[in-house]
Amino acid sequence: MSEEQVADQADSGAATYDAATVEAKWQPVWERLQPFRADDDVVRAGTREKRYALTMFPYPSGDLHMGHAEVFALHDVIARYWWQKGYEVLNPMGFDSFGLNAENAAIRDNAHPATFTYENIVVSTESCKKFGVSFDWTRTFNTSDPEYYRWTQWLFLRLRERGLAYRKNSPVNWCPFDQTVLANEQVIDGRCERCGNEVTKRELTQWYFKITEYAQELLDDLDDLAPTWPERVINAQRNWIGRSEGAHVRFPVEGHDDISVYTTRPDTLFGATFMVVAADAALASELVSDEQRPAYEAYLEKVRKASDIERLSTDRPKTGVYLGVQATNPVTGASIPVYAADYVLADYGTGAIMAVPGQDQRDWDFAKVFDLPVIRTVQPPEGWEGEAFTGDGPAVNSRNDSLDLDGMRVAEAKRAMIDWLEEHGVGQGAVNFRLRDWLLSRQRYWGAPIPIIHCPEHGEVPVPEDQLPVVLPELRGADLTPKGVSPLAAATDWVNVTCPTCGGPAKRDSDTMDTFVDSSWYFLRYCSPHEDDRAFDPELANLWGPCDIYIGGVEHAVLHLLYARFFTMVLRDMGLLEFGEPFAAQLNQGIVINEGAKMSKSKGNGVRLGEQLSAYGVDAVRLTLVFAGPPEDDIDWADMSPSGSLRFLQRAWRLSGDVTSAPGTDPATGDVALRRVTHHTLREAEQLVESHRFNVMVARTMELVNATRKAIDSGCGGDDPAVREAAEAVAILLSLVAPYIAEEMWERLGHEPTVARAGWPEVDEALLVEDSVTAVVQVQGKVRARLEVVPTISDADLEAAAMADPAVVRAIDGAQVRRVIVRAPKLVNIVVG
């Protein structure tokens, strides 16, 4: 049933339900009762089974917007359903309060990031509470609280102890607007994911987490997560990790050490006619001859202005410069030229590739520009008119005195070539990953300081644990405008310290950590948020974890989810966790658009959540968002009707006023037909919520309201126990979506608050069994009769009943029955002729 159909069926009389008054009435009651406060001891004792419902850590941007409203409404259906089903539910909320957004906004408004952030946290908290989400606010915290980032720093030091945090000099993604480095994952189509400006490259010494150490496990575990995670998230992670099997091959170079190259296609070595080194790799500068250096350096300046995305584009014209040196193909013995080019990246493998133009299109394009030879090593299919052939086929032109691959298919040729390389000591089989280590340094102020002291004598010295947290200096009144180095570098009183090892003069690391470090472990802190002597209580983390459902936007399919998985695996290996995956199941919500486009101030198509809440009430807006379609679909607010939702809610509310029987009345003596609808609805609602089909669950609730109203209007009467049973079921179902009106209905029905903890009604299985089923009888494909039969009727008995029906006899009219198809208890199809 559509929302407009519901609106059409709603009573046309004046509204008797005042949303604003009801909201004001119940907010303080819920604040007093704390119905959603999770009890660790209940789970410890095994009194109730646990469920951990988590929504993605929001940034405190001020008042809630439509995106927040959608994800909170969807998330709350599951959390409230679990409470009703008798679970003890951990459903916490806090704020991801460090980061560029707050810092940039503070610079824009000439305010301090802390002032901007904490004022917004107050507003966001009040809005969340008004929206009626079942969060446990006793566990809240903010990542910018020193009590929290103390343990972010502690975890950094623990990762460093395990060799998983290190510092190195390398080309990094640089945002010229935000004046900070970005991880590869934070560059979208060559632009900064936060500000949208084009990203360039810059050579800097930065801190990294060695996430590549866990690349294989991160990949393998996706098979276990696939049944409960969205397919597109699983695919995005697989593609980003990018496992490939191949070989490392050593190419001798005149006057230099051998170049080691990783290739996924060692079977094509006979076709390697030149080599390419990333122009911005240190290797290129080492290899270039004195004669070619001026040309190389001029080319390098151009390369540094291009983003990785641009450089990897397949339709970009190929450019490069000869480095003035020759390498030797270890399989053919041929001398081949070495070039620097932009279509190879410095951080891929060794920053160098063997170029096989016959089997790689980018190499083909480069070879054509520089007039280099092309040797095919895989035979294309007959009639092939393309250029590089990347498919499977028999090897050709692939033999030397000790190896003959000709005629082998690709897989066989790869194995044979790897065996030959290893036997001759010029290479070895290897596995490589597209995944790069996580760059976590940021040249900005508003973040967790990196707890390292740089000593001229002892190098990198960790801040002693008893000196954590390294608290951010306030720097009030200081210029925080990005200048390429962290503003902390100018805070001399803070930067200049003594070395913990030797007592000599030293300096703090002035960079701060990427905010994704803060959000990589926050779900563990929720399990024991008030600990002051450790990051989290392992017993409670293992008691509540892993999270049973994680709800948020698909934009975090790679970034946050990958990092949180990595942290969880490391903490497990440290002995702090018993599980390696943080999120057992995940649900992505779509976005709220308007008039077919993403909301934008410049487009003038924004929808203000506050105005919608004032006009229609929290419940109507929540119901509209949940009812709009499957959670993962985008919602076009222009097509929605919160007024229709409000009319339905008023109709449901009036239903509770029609009940005159006393609470606790035995429903068994009530109207059987209505009871069947109620119990079918409850059973189907269970299945729909658990399969995340929340919109259909709402539709079934609407149908139950209509069925109850019809029963009353047909003479059932408000004193019929079946009417009370139906109205109570409606209140409990609506408590998942529209908490205020559900609470009001529950009170009108004579119950104490809160309906959210009333418990899911027990479904009477006997009422789910149909007394009769309508069997359709077709003759030559046309319906000729409908028979009321028992659900257990056999095929033979159903066929006999159909053949005896007068209407069927007339339709056959003495013709020969050629075939009878029976699908008891619902269908008989008779073919004559």
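The rules behind these values
Residues numbered from 1 in each chain as written. Predicted model: local features only at pLDDT ≥ 70, side-chain atom pairs only at ≥ 80, totals over all residues. Heavy atoms only, no water. Helix = DSSP H or I, 4+ residues; strand = E, 2+ residues; numbered from the N terminus. Buried < 20%, exposed > 50% of the residue type's maximum accessible area, 1.4 Å probe, protein only. Contact = heavy atoms within 4.5 Å. Expected span 1.5 Å × (residues − 1). Pairing = 2+ DSSP bridges. Axes fitted to C-alpha atoms, helices over the stretch in contact; angles between N-to-C directions. Core = buried A, V, L, I, M, F, W, Y, C linked by side-chain atoms within 4.5 Å. Salt bridge = Lys/Arg side-chain N within 4 Å of Asp/Glu carboxyl O. pLDDT = per-residue confidence, 0-100. Right-handed = clockwise from strand over helix to strand, strands pointing away. Parallel < 35°, antiparallel > 145°, perpendicular 65-115°, else oblique. Nonpolar A, V, L, I, M, F, W, Y, C, P; charged D, E, K, R; others polar. Phe/Tyr/Trp six-rings, centres within 6.5 Å; stacked < 30°, edge-to-face > 60°.

## Some remarks on the overall build of the chain
- Helix and strand content of the chain: 28 helices and 32 strands.
- Principal axes of the C-alpha set define a box for the chain whose edges measure 100 × 85 × 55 Å.
- By the burial criterion, 56% of the 833 residues in the chain qualify as buried.
- Of all intrachain contacts in the chain linking residues separated by at least 6 positions in sequence, the fraction that spans at least 24 positions is 73%.

## So, helix α14 (residues 410-423)
- Helix length check: α14, at 14 residues, gives a terminal C-alpha distance of 20 Å against a target of 20 Å (1.5 Å per residue), a fit within 8%.
- Among the residues of α14, those classed as buried are V410, A413, A416, M417, I418, W420 and L421.
- One or two positions beyond α14, positive phi appears at G425, with a value near 70°.

## Focus: the sheet that holds strand β31 (residues 817-823)
- In space, the four strands of this open sheet follow the order β30-β29-β32-β31, with mixed pairing throughout. Each end of this open sheet is capped by a strand with a single partner; those strands are β30 (782-789) and β31. Here the strands of the sheet are splayed against their neighbours by 15° on average, with no regard to which way each runs.
- Here seven bridges tie strand β29 (residues 773-779) to β30, and the two strands are oriented antiparallel to one another. By the bridge assignment for β30, A775 is matched with L787.

## As for the nonpolar core
- Of all hydrophobic cores here, the largest spans 96 residues; its most connected members are F72, F131, W637, M697 and L734.
- Here the element with the most residues in this core is helix α4 (residues 66-84); it accounts for twelve residues.
- With residues near it in sequence (within four places) discarded, F131 still touches L64, A69, F72, A73, L613, V618 and R622.

## Points about the pattern of salt bridges
- Tallied over the entire structure, the rule returns 43 salt bridges.
- Here D404 ties to R399 by a salt bridge, and the two come within 3.7 Å at their closest N and O atoms.
- We note a salt bridge from E531 to R534, for which the minimum N-O separation is 3.0 Å.
- When its relative accessible area of 33% is taken as the criterion, R534 is described as partly exposed.
- One network of salt bridges, with partners in common, ties together K85, R683, E686 and E765.

## Remarks on the pairing of strand β32 (residues 827-832)
- Taken together, the four bridges between β29 and β32 define a ladder with parallel strand orientation. Directly across from Q778, in β32, lies its bridge partner N829.
- Looking at chain direction, β31 and β32 are connected through six bridges and run antiparallel. The partner of V817 across the bridge, within β32, is V832.

## Here we look at the confidence of the model for the chain
- On average, residues of the chain score 92 in pLDDT, and 96% of them are at 70 or above.
- A low-confidence stretch, residues 1-15 stays under pLDDT 50, and its non-local contacts, those more than four residues away or across chains, total 24 contacts.

## Focus on the pairing of strand β25 (residues 586-589)
- Residue alternation in β25 divides its side chains into two sets, Q586 and N588 and L587 and Q589, and both sets are buried.
- Here strand β24 (residues 549-553) pairs with β25 via four bridges, running parallel. Opposite I551, over in β25, you have L587 as the bridge partner.
- Chirality of the crossover, the property in question, places the unit of β24, helix α19 (residues 559-573) and β25 among those that are right-handed.

## A short note on the packing of helix α8 (residues 215-225) against α19
- At a minimum axis distance of 11 Å, the contact between α8 and α19 shows a crossing angle of 105°. In terms of orientation, α8 lies roughly perpendicular with respect to α19. Contact with α8, carried on its side by E217, L218, D221, L222 and L225, involves L562, R565, F566, M569 and R572 of α19 and no other residues of that element.
- When grouped by side-chain class, the residues that make up the contact of α8 with α19 number six nonpolar, no polar and four charged.

## Some details on the packing of aromatic side chains
- Counting across every chain of the model gives 40 aromatic pairs.
- Where F36 meets W83, the ring centres are 6.3 Å apart and the plane angle is 50°; that geometry is what we call tilted. Taken together, the residues F36 in the loop between α2 (19-33) and α3 (40-45) and W83 in helix α4 connect sequence positions 47 residues apart. Judged on exposure class, the residue F36 and its partner W83 are both buried.
- Here F98 and W446 contribute two aromatic rings whose centre-to-centre distance is 4.9 Å and whose plane-to-plane angle is 80°, an arrangement assigned as edge-to-face.

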